[in-house]
Amino acid sequence: MDAHARNLVLFDIDGTLLRTEGAGVAAMLRAFSRLHGERGFSFEGVEIAGALDGLLFARMMAQHGLPGDEGTHAEFQRIYADELARALTPSVVRRMPGTTELVGALRDAGAGVGLLTGNYERTAHLKIALVGFDRTHFPFGAFGADGPSRRHLTPVAIERAAAHLGRSFDPARVTIIGDTPHDIDCAKAHGCRALGVGTGPYSPERLLAAGADLAVADLADLAAIRGWILR
Ligand SMILES: [Mg+2]
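Residues numbered from 1 in each chain as written. Predicted model: local features only at pLDDT ≥ 70, side-chain atom pairs only at ≥ 80, totals over all residues.

Broken down by element type, the chain carries 9 helices and 8 strands. Taken against the 2.2 N^0.38 rule, which gives 17 Å for 231 residues, the C-alpha radius of gyration of the chain at 17 Å falls within 12% of a compact globule. A buried classification covers 42% of the 231 residues belonging to the chain. Contacts spanning at least 24 positions in sequence make up 66% of the contacts within the chain whose residues lie at least 6 apart. (Helix = DSSP H or I, 4+ residues; strand = E, 2+ residues; numbered from the N terminus. Rg over C-alpha atoms; globule rule 2.2 N^0.38 Å. Buried ≥ 20, exposed ≤ 12 C-beta atoms within 10 Å, placed from the backbone. Contact = placed C-beta atoms within 7 Å.)

The subject of this paragraph is the domain arrangement of the chain. When its domains are assigned, the chain resolves into domain 1 (8–20 + 92–229) and domain 2 (23–87). Here domain 1 and domain 2 have C-alpha centroids that lie 24 Å from each other. Here the residues of the side of domain 1 that touches domain 2 sort into 6 nonpolar, 9 polar and 4 charged. (Domains from an automatic or database assignment. Nonpolar A, V, L, I, M, F, W, Y, C, P; charged D, E, K, R; others polar.)

With that settled, the discussion passes to the environment of isoleucine 13. Looking at the element boundaries, isoleucine 13 is found in the loop between strand 1 (8–11) and strand 2 (18–19). Linking isoleucine 13 and glycine 118, residues 105 residues apart in sequence, is a C-alpha distance of 8.1 Å.

Structure representation (structure tokens):
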């Protein structure tokens, strides 16, 4: 077994691997209108960063007195993926510094690498494909319809990693990388390590205050970050 095979690293997507600069949120709002007609859907007053897509859907349906059943949710996901595929072009999506190199270095070292994101699985892969990642980079993960809160996603991701890689992971050897206090919380709640990254709406100081074990401006310092994760 590779020297670092006992390490598992789970990446958030928005604000961590990439940014869609509002195009993702706009696509989701258009999907609500396509599904239910124009009703002035808006995320005003809703904290989007770090939220789960499945929860945003449920809240929006409840707010407008609309059905949020499984069938409607599935239809919404299909329409949202369609809107997102049209809205997101390589010129709209920005990859965050150092991400390709870090993912490559961790995989080369033999660590498990996966996703822990509020995105639906389908739209998660749609987004990361635009910055050059595919399922070989992130062969497993936990997604925005896998639980009622981000905290619920952590054990899901760890179990899927174990199933995919055929080995179990001690939470102390699991690192979750994300850009919001929700990412930090879902790591610390399960005894995992939290690496905060300041490429989203929160500064490294805010992420440290939220309990991050380490917080950096971005992931560009490959040697330092790789060393910290695999220490
Ligand atoms: Mg994020």
